[in-house]
Each structure stands twice: as C-alpha cells, then as structure tokens.
Amino acid sequence: MKITEHIKNSKGKSRFTFEILPPLKGQSIQSVFDSIDPLMEFNPPFIDVTYHREEFIFKEHQNGLLEKKIVKKRPGTVGICAAIQNKYKVDAVPHVLCGGFTKEETENLLIDLDFLEINNIVALRGDAVKSENYFKPTPGGHSYANELVEQISNLNQGIYLDNEAKNSNPTDFCIGVSGYPEKHMEAPSLESDIHFLKKKIKAGAEYIITQMFFDNNKFFEFEKKCRESGIKVPIIPGLKPISTKKQLNLLPHRFHVDLPEDLIKEVIKCKSNDEIKEVGVEWCIKQSKELMDFNVPFLHYYSMGKPKNIAKIAKSVF
Ligand SMILES: Cc1cc2nc3c(=O)[nH]c(=O)nc-3n(C[C@H](O)[C@H](O)[C@H](O)COP(=O)(O)OP(=O)(O)OC[C@H]3O[C@@H](n4cnc5c(N)ncnc54)[C@H](O)[C@@H]3O)c2cc1C
C-alpha cells in the first residue's frame, strides 16, 4: 500500500514507523530481522531502509604508492526491502539516491523495485562521498533530488529514458522526499531550502519526512513556513533519542541540528550511558506526545539498528 493510503487509513491518528540501515557487509539478514522484531508489536505500517553509497578508500602499498579503492560498506537496501515485505507483510521503503547512479542505472533500479512490488520510495540527492567536501553529481546522473523525483514521476507515466522500450509499462511509485526543519546544511536560508523543497513536490513528491530535531518548536515553525509557501503534502517528523554523551557533539556536526540547552544539561549530569539513554528516551517521549497532539500522520524513529530504546518510547507513546 502507498504511504499516502496509509495516512488516509490512519484517520488522523499518529502511527509508529521507523527506519533501519543495512548491516555492514558480511553480516546476515538475521541481524536485520533482529533489529526489526522487537518493534513489530507497535504495528508499523511501513519501514524505511536507508541507502549507503560507495566510499573511496586509499590502500598504501609497500612501495608507498596509494591505491584508490571503491567500496560499499552497507550494500543490500533493495534485498532487505524485499525480505521485509516477504517476512513481515509490511511495506518497505527504500531510499534512492542521485549520488553514485547514472540516470540509466536509476531506471534499472526502479524497474527492479517495480518488479519486486516495492511501490514506495524516498528520493534523495545523497551526501558527498566521505573523502570529498562537496557533493559532485555522478556523470550522467542527477544533481538534485527534484530531478530524481521527476524521473520517477515520468516512469509512473510510462516515460522511460530508453524511448525504444516497448509497451512502456507505467510504474506506480509513491514518492517521499526529505525536509529540514533547521535547514539543509548547504542552504543559505530556510526560505531558500523550502523553495527547493517545493520544487520536489511540484515534480511529484507526495509527502515529506524530516531530518531529526530535538526542539519541537523547530518543527512547528518549519511546518508553518511550508504551509505558507503553498506546500500541502503531509509532513512526517523524524525523531531520534540521544543515547551517548558523544552525540552532543556528533549530532550537530553530522546532521546540522541544534540541541536544546535543557537536554544538554540533563545529559551532562548523567554518570553512565544507561542514565543518558534514560534521559534520551524521556526527552523523545515528551517530543512524541506533543507531536501527536499536533496530529502528525506518523512519528518516524531513526532506530539505526538499535531497537531497545525505540521500543521503550513506543511502549509509552502508542
Ligand atoms: C529523511 C531523510 C532520509 C535520508 N536518507 C538518506 C539515505 O538513505 N542515504 C543517504 O546517503 N543520505 C540520506 N539522507 C541525507 C541526505 O542525502 C543529505 O542530507 C543530502 O545532503 C541532501 O539530500 P536531499 O535529497 O535533501 O537534497 P536536495 O533536496 O537535492 O537538496 C540539497 C541542497 O541543494 C538545494 N537545492 C535543492 N534543489 C536545488 C536545485 N534544483 N537547484 C539549486 N539548489 C537546490 C537545497 O536547498 C539543499 O541545500 C537523508 C536525509 C533525510 C532528511
């Protein structure tokens, strides 16, 4: 079922959803199921699976020469989605990136997803590869997510890149895109970011999932600005409970989000990681309940393969 249909069927009740990431190369599918099983009792209508593009690593040889190697540390997004739909009978939503793909490779990936009856996609540009400072479009690929959304929308109308393709079977993808309550790190202002977000909606995106945030006022303000700009599609908040002291620095650095002073003080007071986890869970429960009162369609948790604290939150909220 499409995410938009799940929203309609929920009849205004906020439901529980979550996101997982593929395991490091070499691990079994069982490790994925182990991260999903404890969360199934909360009846998620869908599960997102992130995509991880290639990285460049440099291997030093004995003669001092460096060999550039291209590695994908977390492959398997499409296979995991198919396995989730098969095992749990729940919709799986793969994230599809511009970075690392030519348009033809994207088309082939979309055909695979269509054949596997995976009909929901989150379309993203992706970040720069780890060894580079800025995102460089793959030659023959897309530069921004709105272009990828347009390609998927075209395929939904049976418009293939290869215009020699016979029969032109139209796909039926429901497309989600990202939104940033505290603006995307490269955007000069939130207004500019929302201007481009609107472009993704115009190209065919039907809902928005946000970056994590720790202050609900940031989300409420973002929602208001989106609505004022004419964006009408559902906006799904993304949430993550803090679980280590290191994240006080890591999350702002990695995701360009601010942490509220009260949360920082509570975390600093903690004497162990268990105490920090408790603070993170309580904070996230408070956020979740307030967002529920705001009638968000789903509360989308970034589980990062660690279901224990997410289960604690879900027990208290749903
Ligand atoms: C919910 C969510 C899920 C994510 N999942 C993944 C994942 O699975 N894998 C992964 O690698 N990363 C993921 N990311 C991270 C994401 O790939 C990065 O944040 C990336 O830097 C931007 O992707 P985007 O789709 O938001 O980009 P875009 O929407 O393309 O925006 C990128 C920047 O360019 C600007 N911009 C947009 N369109 C245009 C245009 N046409 N012309 C000029 N400027 C423009 C925007 O304002 C923004 O600053 C996720 C992020 C979120 C919020």
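Before any of the text, the structure's been laid out above.
Residues numbered from 1 in each chain as written. Predicted model: local features only at pLDDT ≥ 70, side-chain atom pairs only at ≥ 80, totals over all residues. Heavy atoms only, no water.

On to the site of the ligand. Neighbouring residues of the ligand: 22 residues in total, closest Asp127, Ser178, Tyr180, Asp193 and Lys200. Separating an oxygen atom of the ligand from a backbone N or O atom of alanine 187 is a distance of 3.4 Å. Burial of the ligand by the protein chains amounts to 87% of its free accessible area of 970 Å². At the level of elements, strand E5 (91-97), helix H5 (145-156), helix H6 (190-202) and strand E8 (207-212) are the ones that each hand at least two residues to the shell around the ligand. With three residues, the single largest contributor to the shell around the ligand is H6. Looking at the shell around the ligand, its residues break down into ten nonpolar, seven polar and five charged. (Near = heavy atom within 4 Å. Polar contact = N/O pair within 3.5 Å; in protein donor to acceptor, adjacent residues only side chain to side chain. Areas by Shrake-Rupley, 256 points an atom, 1.4 Å probe, with all protein chains shown as cover. Helix = DSSP H or I, 4+ residues; strand = E, 2+ residues; numbered from the N terminus. Nonpolar A, V, L, I, M, F, W, Y, C, P; charged D, E, K, R; others polar.)

Moving on, we come to the nonpolar core. Judged by nonpolar contacts, the single largest core of 91 residues is most densely connected at Ile20, Ile84 and Tyr301. Broken down by element, the residue count for this core peaks at seven residues, all from helix H10 (residues 273-293). (Core = buried A, V, L, I, M, F, W, Y, C linked by side-chain atoms within 4.5 Å. Buried < 20%, exposed > 50% of the residue type's maximum accessible area, 1.4 Å probe, protein only.)

Enumeration over the complete set of coordinates arrives at twelve aromatic pairs. Judged by centre distance (5.6 Å) and plane angle (70 degrees), the rings of phenylalanine 16 and phenylalanine 42 are edge-to-face. Of the two residues, phenylalanine 16 is situated in strand E1 (residues 15-20) and phenylalanine 42 in the loop between helix H2 (29-36) and strand E2 (46-49); the sequence distance between them amounts to 26 residues. Seen from their ring centres, phenylalanine 219 and phenylalanine 220 are 6.2 Å apart, and the 75 degrees between their planes marks the pair as edge-to-face. Using a relative accessible area of 0% as the deciding quantity, one classes phenylalanine 219 as buried. In textbook terms, an aromatic cluster arises when at least three aromatic residues are bridged by ring pairs, as seen for Phe16, Phe18, Phe42, Tyr301 and Phe318. Positioned above the aromatic ring of tyrosine 88, the side-chain terminus of lysine 87 is 5.5 Å from the ring centre. Over the ring of tryptophan 283 we find lysine 286; its NZ or CZ atom is 4.5 Å from the centre of that ring. (Phe/Tyr/Trp six-rings, centres within 6.5 Å; stacked < 30°, edge-to-face > 60°. Lys NZ or Arg CZ within 6 Å of the ring centre and 35° of its normal.)

What follows is about the pattern of salt bridges. Using the criterion set out here, one finds 15 salt bridges in the structure. The residue glutamate 228 makes a salt bridge to lysine 224 at a minimum N-O spacing of 3.7 Å. Taken as a pair, glutamate 228 and lysine 224 lie in helix H7 (residues 216-228) at a separation of four residues, close to a single helical turn. Judged by relative accessible area, which is 58%, glutamate 228 ranks as exposed. For glutamate 278, the salt bridge goes to lysine 312, with nearest N and O atoms at 3.2 Å. On the criterion of sequence distance, the pair formed by glutamate 278 in helix H10 and lysine 312 in helix H11 (residues 307-317) is long-range, its members being 34 residues apart. The exposure class of glutamate 278 is partly exposed, given its relative accessible area of 36%. In this structure, a network of salt bridges that share partners links the residues Glu55, Lys73 and Lys130. (Salt bridge = Lys/Arg side-chain N within 4 Å of Asp/Glu carboxyl O.)

Okay, the sheet that holds strand E10 (residues 298-302) next. If you trace the eight strands once around the closed barrel, you get E1-E2-E5-E6-E7-E8-E9-E10, paired in parallel fashion. Across the sheet, the mean angle from the axis of one strand to that of its neighbour is 30 degrees, orientation sign disregarded. Two strands pair when backbone bridges link them, and E1 and E10 are joined in this way by five bridges, in the parallel orientation. Bridging across to E10, phenylalanine 16 finds its partner in leucine 299. H7 rests against strand E7 (174-179), E8 and strand E9 (235-239) of the sheet, and its axis sits at about 155 degrees to E9. (Pairing = 2+ DSSP bridges. Axes fitted to C-alpha atoms, helices over the stretch in contact; angles between N-to-C directions. Contact = heavy atoms within 4.5 Å.)

All right, on to H7 then. Relative to the 18 Å expected for 13 residues at 1.5 Å per residue, H7 spans 18 Å between its end C-alpha atoms, a close match to the ideal helical length. Buried within H7 are the following residues: Asn216, Phe219, Phe220, Phe222, Glu223 and Cys226. All buried residues of H7 lie within an arc of 165 degrees about the axis, which places them on one face of the element. In H7, those exposed residues whose orientation departs by more than 90 degrees from the buried face are Asn217 and Glu228. Structurally, H7 contributes buried residues whose contacts are with E7, H6, E8, E9 and H10. Between the side-chain oxygen at the start of H7 and the backbone nitrogen of asparagine 217 there is a gap of 2.9 Å, and the oxygen is on aspartate 215. (Expected span 1.5 Å × (residues − 1). Arc of directions from axis to C-beta.)

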